[in-house]
Amino acid sequence: MSALWSVGAGLLLLLLWVRHRGLEAVLVHHRWVFVCFFLMPLSILFDIYYHLRAWAVWRLHSAPRQHAQRVRHIQQQVREWKKEGSKRYMCTGRPGWLTVSLRVGKYKKTHKNIMINLMDVLEVDSERQVVRVEPLVTMGQLTAHLNPMGWTIPVVPELDDLTVGGLIMGTGIESSSHIYGLFQHICVAYELVLADGSLVRCSPTENSDLFYAVPWSCGTLGFLVAAEIKMIPAKKYVKIHYKPVRGLQKICEKFTEESKNKENSFVEGLMYSLDEAVIMTGVLTDEAEQSKINRIGNYYKPWFFKHVEKYLKADRTGVEYIPSRHYYHRHTRSIFWELQDIIPFGNNPVFRYLFGWMVPPKISLLKLTQGEAIRKLYEQHHVVQDMLVPMKSLEKSIQTFHVDLNVYPIWLCPFILPNNPGMVHPKGNETELYVDIGAYGEPKSKQFEARASMRQMEKFVRSVHGFQMLYADCYMTREEFWDMFDGSLYHKLREEMNCKDAFPEVYDKICKAARH
């Protein structure tokens, strides 16, 4: 009873303090209070609900039976929109705050919302080595489902809450992408409901133009209702090598060398300053030295990027064996390194042991509760950007990131970009090695100004024939946007499939210049 009184008294003092300081002041300057006491417990309840739901669906085998019915309901909604006169654009009815993107999509309030409740794994085909899933299946859900069966997918983008639909309509990448490419490149078929309400399947051999145009289209060609994704056999561990490297030229040379080495199952780099980095290479294995196993995903373990930094500070190489699923989601607990800005003491051992099991708070809940003051603060003093540039431009690109942003750590992830049709492909006629440069955090550059600095970055990326991930804030004009991306196939299909009255153009959906 005394413990309950203590908790009650603590909460009362907290509420009195919040009332004294003002709710908005607390949310802006002491956001960790709200996150720790409210959002983290609420995130746990969210996780419990979705885990129980996924378990129940699979145990009852209801997903395959209900899928066709749910798709028919989507088709019915589209046909009703047509009967009403097609007066507004359509979009998915999923609330904008539920997406992992930090962008606030105002179009949800003005467009016709089509409800799409598709969040189940439908079929695991071991013979074809393909898994068929609905678009709202998350990476955490998919790996939890496949790994016990001895399977995984070749590219498992980092954060647990990333959805298959978001990774197809936008894009996704992982440290295995130097072998397999982007998330779209491990997909073998899509099923979509089009603007006329029809259901279409597309693949490299069936409706191939649509298959290649769907990635990066952000839901502006149709509603994704299912996807087929390649599977590969899973192994128990990733044997990872940590290699500190100093000097920008040496970092770029070593990273390029390891990225070209197909014997590496995984390649990743973390830059902690302009001339300091740790380059990590990994291979899948079923055998491990017991003394070197690091279950980095356990809640009480240090955040991964902090763990990696120890090798840099000690100036030593190292080898560890990380359980595969822990490796696939190694940056999840700290949301890469974004959580250190929200909970500054989050990596403290005491916090990890007492409260680490509730980390991370859901990104969707962070968005829902951020308020206008925090949104503007983040927009002007915070960047979350991934720029995809040719590997040959890596050194020049890092120097540009340093001058314009000066944000560290920087994430480096290599990927192979095939010369397929669609919005994103190399400039030449051959497959080319690219690298994703990820900058997440508060810029330390003295001349940083959100719009001007990002427009300067976008101009540079266009000049080296690179691409900007579309989940992030984009400041380009329409002409600049279509200079970066190849819109020839996309615009051709929008014309042929009568999408112009049904869906906004991708630029109007994602760019700040269009969204005001």
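Reading the values: the criteria
- Residues numbered from 1 in each chain as written.
- Predicted model: local features only at pLDDT ≥ 70, side-chain atom pairs only at ≥ 80, totals over all residues.
- Heavy atoms only, no water.
- Salt bridge = Lys/Arg side-chain N within 4 Å of Asp/Glu carboxyl O.
- Helix = DSSP H or I, 4+ residues; strand = E, 2+ residues; numbered from the N terminus.
- Buried < 20%, exposed > 50% of the residue type's maximum accessible area, 1.4 Å probe, protein only.
- Pairing = 2+ DSSP bridges.
- Contact = heavy atoms within 4.5 Å.
- Axes fitted to C-alpha atoms, helices over the stretch in contact; angles between N-to-C directions.
- Arc of directions from axis to C-beta.
- UniProt positions renumbered as here; feature names shortened; annotations may be inferred.
- Core = buried A, V, L, I, M, F, W, Y, C linked by side-chain atoms within 4.5 Å.

Participant: Residues and numbers for the pattern of salt bridges, please.
Facilitator: Scanning the model with the defined rule gives 26 salt bridges in all. Here glutamate 228 and arginine 201 are joined by a salt bridge, their closest N and O atoms 3.2 Å apart. Within this pair, whereas glutamate 228 is found in strand S8 (residues 223-230), its partner arginine 201 is found in strand S7 (residues 199-202), the two being separated by 27 residues in sequence. You can call glutamate 228 buried: its relative accessible area is 6%. Counted as one network, the salt bridges with shared partners bring together Asp125, Arg128, Arg201, Glu206 and Glu228.

Participant: With reference to specific residues and values, describe the sheet that holds strand S11 (residues 266-273).
Facilitator: Strands sit in the order S13-S10-S12-S11-S15-S16-S14-S17 across an open sheet of eight strands; the sheet is antiparallel. Each edge of the sheet is formed by a strand with only one pairing partner; in this case those strands are strand S13 (318-323) and strand S17 (467-468). Strand direction decides the pairing type here: strand S15 (residues 410-417) and strand S16 (residues 432-441), joined by eight bridges, are antiparallel. Pairing of phenylalanine 415 across the sheet is with tyrosine 434, part of S16. Helix H17 (residues 450-463) rests against strand S14 (383-390) and S17 of the sheet, and its axis sits at about 15° to S14.

Participant: Before we move on, could you go through helix H16 (residues 394-404) and cite the residues and values that matter?
Facilitator: Along H16, the residues classified as buried are Leu394, Ser397, Ile398, Thr400, Phe401 and Asp404. One face of H16 carries all of its buried residues, which in axial projection span an arc of 160°. Buried residues in H16 make contact with helix H9 (248-260), S11, S14, S15, S16 and H17. Positive backbone phi, approximately 55°, marks asparagine 406, located one or two places after H16.

Participant: How would you summarise the UniProt feature "transmembrane region" (unreviewed entry) in the protein if you had to cite specific residues and measurements?
Facilitator: As annotated by UniProt and renumbered to match this structure, "transmembrane region" (unreviewed entry) occupies residues 32-52. Along residues 32-52 one finds 100% helix and 0% strand; the C-alpha atoms at either end are 28 Å apart.

Participant: Report on the nonpolar core, specifying residues and quantitative values.
Facilitator: By size, the foremost hydrophobic cluster in this structure holds 149 residues, and its most contacted members are Ile153, Phe183, Tyr190, Leu210, Phe481 and Phe485. Among the elements that line this core, the one with the most residues is S15, at seven residues. When neighbours within four sequence positions are excluded, phenylalanine 183 is seen to be in contact with Met139, Ile153, Val155, Pro157, Val164, Leu167, Ile168, Gly172 and Ile229.

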